[in-house]
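So you can see what is in the structure, the chains are spelled out below.
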Amino acid sequence: MGNPRLQSIHVHPVKAFRSLALQEADVEPWGLAGDRRWVLMDDRGKVVTQRQQPRLAPAVAELLPGGGVRLSAPGMESLTVPVPRPSGTVPVDIFGDTVEGVLAEGEAAHAWCSAYLGIDVRLVHMDDPATRRPVDPQYALPGETVSFADGFPLLLTSAASLDALNSLIAEGDHAHEGPLPMNRFRPNVVVAGTEAWAEDDWSLVAIGEVTFRVAKVCGRCVVTTTDQATAERGREPLHTLGRHRRLDGKLAFGQNLVPRSRGTIRVGDPVTVLDGPEVA
């Protein structure tokens, strides 16, 4: 296969809400502009995601100019939430890391999110992603930071790898659950025109005018078993990944990226492997 291209771009303005497809996006050092700058935390200060609350899957956060969001969800009236004014911060526990964030102003967002989930949660904004949260030092270069994403600024997946995974699912014990759509994996960028699993061997890649370092394979969790439209859960793809895609002790699908430059990426941009078997 040849001429790899950027097939689609996705952002998630509120972590764990439905992804939004874009035709282009600005790349910042900590990820795509507007991606996962907001998050929900519970009454203990811990991040709330689809791991605990699959009902977040059909909730939508539309990104507004300036960084605010318009929230909507089944059975709820929409609510516009502006970026909070600079003020004191609150600690947010995201997978054991403590990150400072700013609470949404007033009680409207708190009431809306709590009513939808049926638990006490608050909406928090990351005001300064350049300083708030470093990338895991085991995989980072000095100064690299990330938003409220799981661990890295961007996640890349490939269409060919999903096709291969769906073929494996079709041969397995839970074939009735497939084929799975790409939104199960919540990527930021999806590449077409590669061989299946080619991204496993990449270490440096350019998408259009922007260069990215490939930091590590993405280990998958229960979120991938959640239907992003209905919030219902099944066994796949984790059952099949466990049988066929164990890399570095993880159920692997996709690669985590860290930008090495700023710029704008657009659907249709060429994807060029700068360091990997293709250029060896």
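A brief structural summary.

**Here we look at the side chain of Glu199**
Along the chain, the position of Glu199 falls in the loop between strand 14 (189-192) and strand 15 (204-207). Buried charged residue Glu199 carries no salt bridge. Nearest counter-charge: Arg245, at 5.7 Å. Only 2.7 Å separates the side chain of Glu199 from the side chain of Ser161, close enough to count as a polar contact.

**Let's talk about empty space enclosed by the protein**
In this structure the tally under the stated criterion is one cavity of 30 Å³ or more. Leu103, Ala104, Gly106, Ala109, His110, Arg122 and Leu123 together form the lining of the largest cavity. If you list the elements that add at least two residues to the lining of the largest cavity, you get helix 1 (108-117) and strand 12 (121-125).

**Regarding the sheet that holds strand 4 (residues 31-32)**
Taken together, three strands build an open sheet; the order of strands is 4-3-19 and the sheet is antiparallel. Each edge of the open sheet is held by one strand with a lone partner, namely strand 4 and strand 19 (263-266). As judged from the four bridges shared by strand 3 (residues 24-28) and strand 19, these two strands associate in the antiparallel manner. Bridged to Ala25 within strand 19 is Ile265.

**Concerning the packing of aromatic side chains**
Taken as a whole and judged by the stated rule, the model has four aromatic pairs. On the basis of an interplanar angle of 90° and a centroid distance of 5.9 Å, the ring pair of Trp197 and Phe253 is categorised as edge-to-face. Here the residue Trp197 occupies a position in the loop between strand 14 and strand 15, and Phe253 occupies one in strand 18 (residues 250-259), the gap between them amounting to 56 residues. With relative accessibility at 18%, the residue Trp197 sits in the buried group. Here a set of aromatic residues connected by ring pairs shows up, and it is made of Phe185, Trp197 and Phe253. Over the ring of Tyr116 we find Arg55; its NZ or CZ atom is 4.2 Å from the centre of that ring. Here Lys216 stacks its cationic end above the ring of Tyr139, 5.2 Å away from the centre of that ring.

**As for the pattern of salt bridges**
Evaluated as defined, the whole model comprises 12 salt bridges. When the shortest N-O distance is used, the salt bridge between Lys15 and Asp150 registers 2.5 Å. A residue pair is termed long-range when its members are at least 10 positions apart, and Lys15 in the loop between strand 1 (5-11) and strand 2 (20-22) and Asp150 in the loop between strand 12 and strand 13 (154-158) qualify at 135 residues. Looking at Lys15, the relative accessible area reads 4%, which means it is buried.

**Points about the layout of surface pockets**
It is a probe the size of a water molecule, rolled over the atoms, that shows where empty space is left. Roughly 760 Å³ of internal volume is contained in the largest pocket. Around the largest pocket, the lining is made up of 36 residues, and of these Arg51, Phe95, Asp150, Gly151 and Cys218 lie nearest the centre. Those elements that provide at least two residues to the lining of the largest pocket are strand 13, strand 16 (210-219) and strand 18. Top element by residues in the lining of the largest pocket is strand 16. It accounts for four residues. Classifying every residue of the lining of the largest pocket gives 17 nonpolar, seven polar and 12 charged.

**A look at the state of the cysteines**
Under the defined criterion, the tally for this structure stands at zero disulfides. With no disulfide partner, Cys218 has as its closest neighbouring cysteine sulfur the one in Cys221, 8.1 Å distant.

About the thresholds
- Residues numbered from 1 in each chain as written.
- Predicted model: local features only at pLDDT ≥ 70, side-chain atom pairs only at ≥ 80, totals over all residues.
- Heavy atoms only, no water.
- Helix = DSSP H or I, 4+ residues; strand = E, 2+ residues; numbered from the N terminus.
- Buried < 20%, exposed > 50% of the residue type's maximum accessible area, 1.4 Å probe, protein only.
- Lys, Arg positive; Asp, Glu negative; His and termini not counted.
- Salt bridge = Lys/Arg side-chain N within 4 Å of Asp/Glu carboxyl O.
- Polar contact = N/O pair within 3.5 Å; in protein donor to acceptor, adjacent residues only side chain to side chain.
- 1 Å grid on protein atoms, 1.4 Å probe; cavity = no way out; pocket = protein on both sides within 12 Å on 5 of 7 lines; lining within 4 Å.
- Points joined across faces, edges and corners; volume = space filled by probe spheres on them.
- Pairing = 2+ DSSP bridges.
- Phe/Tyr/Trp six-rings, centres within 6.5 Å; stacked < 30°, edge-to-face > 60°.
- Lys NZ or Arg CZ within 6 Å of the ring centre and 35° of its normal.
- Nonpolar A, V, L, I, M, F, W, Y, C, P; charged D, E, K, R; others polar.
- Disulfide = S-S within 2.5 Å.

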